[in-house]
Amino acid sequence: MTPTEVDKINAMNDRDIGSSDAPGSRVLLVDDQPIVAEAIRRMLADEADIDFHYCQDPSNAIKMAAEYQPTVILQDMVMPDIDGFVLLRFFHSTPGTRTIPVIVLSTKDDPAVKSEAFELEASDYLVKLPDRVELIARIRAHSRSYMAQKERDEAFKALRVLKKELEQKNAELYRLSSQDGLTGIGNRRRFDEFLESEWRRAIRESSPLSLILIDIDHFKPFNDNYGHQSGDECLQRVAQALARGVRRPSDLVARYGGEEFAVILPNTATEGAQKLAEALRVEVEALAVSHEHSSTADCVTISMGVASTIPLTGMAAPELTKMADQALYRAKEAGRNRFCVWRLEKDAVTAYDKEEERLSRVLADGPASPF
Ligand code: GH3
Ligand code: MG
Ligand code: MG
């Protein structure tokens, strides 16, 4: 039979052969004998849901399968140019055809051939020429399970893509929800979360944790005299200066609220925190943002409260904030443009009476002072 006769067999199937959108089953027969092809074509001719395509040359079968995208392959085992087992292996090892079910069409019902074919992942085994009803039933069954599997795979693939997109969006959302809109540094929410987690870590590791609360001096008169927009720009510049001044990646600079900022310093004791506070003070002063209405200096300055501790189980993170706040209050009182350090003796007067008692006990019992 010439290629024209093969074309004729294929052309006789008037459905949309080759279209991967066609519904139902798409059958690709690989068999060197056109007479078999014609017989099979006739068996399937009345089945509206089955498209039939024929490949006479087995060396062309992989290429044709890739183009036609059958939902089931019928494959002869004895062909002149290529061994049926070799072709089975090819189908199974080629990515585009790996999962397509192959029904082996053999001339004999030989258990050895059958067993080897199944070992090579053949889906089914029929003796030529098969019974029409049986052939159609098996084509439909294998096609259905192939398409169902394909749909499942595609759905899982789409799900994986969606999951990745969702993770990226969530990360972006988290970033946005934890960032201060005006200055771009962490916001109050980020501060609270970070302080809480670093507090817990410090308890676990018995490591020191420091907090610097920062407040711009005389910011109200700055706003009142230079306008709200200049106030905003000043906040941005101060935030940048603070972010520049903090060197360790584990440190966090956040906007605590209004014209107040906070720096959390994990694994940092009071000496380190004081050094950094002074560096931040210098950094902001060096911005030289003119402030003619400040009674402290002729430029924008900051006051800071520094608190450091090795937290103990039973203490809560906001206590550190209270300590830093009290120290900040003292820095304001002492003349601004400076930092003060929270100390047990000086600050623990009212709200800290009980804490002082408890800590005094700990200090008396334990070898190292947490402050
Ligand atoms: P002190 O030296 O004691 O800190 O005095 P202060 O004027 O800085 O403090 P006060 O708390 O009286 O004023 C804070 C001002 O900060 C009030 C408000 O006008 C300004 N402010 C707070 N948030 C923003 C903001 O987002 N943008 C601008 N432009 N101003 C803000
Ligand atoms: Mg304030
Ligand atoms: Mg202020």
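Report follows, based on the coordinates. Since the structure is predicted, the reported quantities are computational estimates derived from the model, not experimental observations.

1. With respect to the overall build of the protein chain
- Helix and strand content of the protein chain: 13 helices and 10 strands.
- Of the contacts formed within the protein chain by residues at least 6 apart in sequence, a portion of 68% connects residues at least 24 apart.

2. Concerning the sheet that holds strand 4 (residues 102-106)
- Judged by pairing direction, the sheet is parallel, and its five strands sit side by side in the order 2-1-3-4-5 without closing on themselves. Each of the sheet's edge strands pairs with one partner strand only, and the pair in question is strand 2 (50-55) and strand 5 (124-127). Averaged over all pairs of adjacent strands, the angle between strand axes in this sheet comes to 20°, irrespective of strand direction.
- Relative to strand 3 (residues 72-76), strand 1 (residues 25-30) runs parallel, the two being bridged by four bridges. Residue Leu29 lies in a different strand from strand 3, and its bridge partner there is Leu74.
- Of the strands in this sheet, strand 1, strand 2 and strand 3 are in contact with helix 2 (residues 34-44), which crosses strand 2 at around 175°.
- Contacting strand 1, strand 3 and strand 4, helix 4 (residues 84-93) crosses the sheet at an angle of about 160° to strand 3.

3. Brief notes about the pairing of strand 7 (residues 252-257)
- Among the six residues of strand 7, five are classified as buried, and the element is accordingly described as predominantly covered.
- Hairpin geometry of strand 7 and strand 8 (residues 260-266) is characterised by an intervening segment of two residues between the two adjacent antiparallel strands and by a positive phi of about 50° at Gly258.

4. Here's the deal with helix 2
- Looking at helix 2, one finds that the buried residues are Ala37, Ile40 and Leu44. Considered in projection along helix 2, the buried side chains sweep an arc of 70° and stay on one side of the axis. Counted as exposed and oriented over 90 degrees from the buried face of helix 2: Ile35 and Arg42.

5. A closer look at the site of ligand 1
- Around ligand 1 sit 16 residues, and of these Phe219, Lys220, Asn223, Gly231 and Gly258 come closest.
- If you list the elements that add at least two residues to the shell around ligand 1, you get strand 6 (209-216), helix 8 (219-226) and helix 9 (228-245).
- Per-element accounting of the shell around ligand 1 gives the leading share, four residues, to helix 9.
- Residues belonging to the shell around ligand 1 are distributed by class as follows: four nonpolar, five polar and seven charged.

6. Let's talk about the sheet that holds strand 6
- Ordered by their spatial adjacency, five strands build an open sheet running 7-8-6-9-10, and the pairing between neighbours is mixed. Where the open sheet ends on each side, the last strands, each with one partner, are strand 7 and strand 10 (339-341). Pairwise comparison of adjacent strand axes, ignoring direction, gives a mean angle of 20° for this sheet.
- Bridging between strand 6 and strand 9 (residues 302-309) involves eight bridges; their strand directions are antiparallel. Note that in strand 9 the partner of Asp215 across the bridge is Ser303.

7. Topic: the packing of helix 9 against helix 10 (residues 270-287)
- Where helix 9 meets helix 10, the closest approach of the two axes is 9 Å, and the angle between their N-to-C directions is 140°. Between helix 9 and helix 10, the interaxial angle falls into the category oblique. The crossing of helix 9 and helix 10 is right-handed. Of the residues in helix 10, those in contact with Arg237, Val238, Ala241, Leu242, Arg244 and Gly245 of helix 9 are Ala279, Leu280, Glu283, Val284 and Leu287.

8. Section: the packing of helix 8 against helix 9
- For the pair helix 8 and helix 9, interaxial distance at closest approach is 6 Å and the crossing angle is 135°. Relative to helix 9, helix 8 is oriented oblique. Contact residues: Phe222, Asn223 and Tyr226 in helix 8; His228, Ser230, Gly231 and Cys234 in helix 9.
- Considered class by class, the residues forming the contact of helix 8 with helix 9 number three nonpolar, four polar and no charged.

9. Examining the nonpolar core
- Counting 50 residues, the largest nonpolar core has Ile212, Ala262, Val306 and Ala324 as its most contacted members.
- For this core, the element with the most residues is helix 11 (residues 317-333), which contributes seven residues.
- Membership of the second largest hydrophobic core comes to 30 residues, among which are Leu87, Phe91, Val104 and Ala117.

10. Thoughts on the pairing of strand 8
- Across the seven residues of strand 8, six count as buried, placing the element largely inside the fold.
- Relative to strand 8, strand 6 is paired through seven bridges, and the arrangement is antiparallel. Paired with Asp215 across the two strands is Glu260, which belongs to strand 8.

11. Some remarks on helix 6 (residues 132-177)
- The end-to-end C-alpha separation of helix 6 is 66 Å, in line with the 68 Å expected for 46 residues at 1.5 Å each.
- The set of residues buried in helix 6 consists of Leu135, Arg138, Ile139, His142 and Ser143.
- Tucked into the core, helix 6 has its buried residues touching strand 1, helix 2, strand 2, strand 3, strand 4 and strand 5.

12. Focus on unusual backbone geometry
- The linkage connecting Lys128 with the following residue, Leu129, adopts the cis geometry, with an omega of -25°.
- Here Leu129 lies in the loop between strand 5 and helix 6.
- For Ser206, which is not glycine, the phi torsion reads 50° and is therefore positive.
- With respect to the helices and strands, Ser206 occurs in the loop between helix 7 (188-205) and strand 6.
- Unlike most non-glycine residues, Asn337 shows phi in positive territory, near 50°.
- Within the element layout of this structure, Asn337 appears in the loop between helix 11 and strand 10.

Procedures and definitions
- Counting of residues starts from 1 at the beginning of each chain's written sequence and follows it residue by residue.
- To read the labels, note that chains go from A and ligands from 1, taken in the order they are written.
- Owing to the predicted nature of the model, reporting of local features is limited to residues with pLDDT of at least 70; listing and counting of side-chain atom pairs is limited to 80 or more, with chain, interface and lining totals taken over all residues.
- In this text, helices come from DSSP runs of H or I with a minimum length of four residues, and strands from runs of E with a minimum of two, each type numbered from the N-terminal end.
- Whether two residues are in contact depends on their C-beta atoms, placed from the backbone: they are in contact if these lie within 7 Å.
- Strands were regarded as paired on the criterion that DSSP finds at least two bridges between them.
- Each axis is a line fitted through C-alpha atoms, and for a helix only the stretch in contact is used; angles between axes span 0 to 180 degrees, taken between their N-to-C directions.
- Three exposure classes are used. Buried residues have 20 or more other C-beta atoms within 10 Å of their own C-beta, exposed residues have 12 or fewer, and partly exposed residues fall in between, all C-beta atoms being placed from the backbone.
- Working note: the arc is built from the helix axis to C-beta atom directions.
- Should the C-beta atom of a residue, placed from the backbone, lie within 6 Å of a molecule or strand, that residue is near it.
- Basically, the charged four are Asp, Glu, Lys and Arg, the nonpolar ten are Ala, Val, Leu, Ile, Met, Phe, Trp, Tyr, Cys and Pro, and anything else, Gly included, counts as polar.
- Relative orientations are named as follows: roughly parallel for angles under 35 degrees, roughly antiparallel for angles over 145 degrees, roughly perpendicular for angles from 65 to 115 degrees, and oblique for any other angle.
- The handedness criterion is simple: a crossing whose near helix is rotated anticlockwise from the far helix by less than a right angle is left-handed, and one whose near helix is rotated clockwise is right-handed.
- When buried Ala, Val, Leu, Ile, Met, Phe, Trp, Tyr and Cys residues are joined through C-beta atoms within 7 Å, the set is termed a nonpolar core.
- Multiplying 1.5 Å by the helix residue count minus one yields the expected span of that helix.

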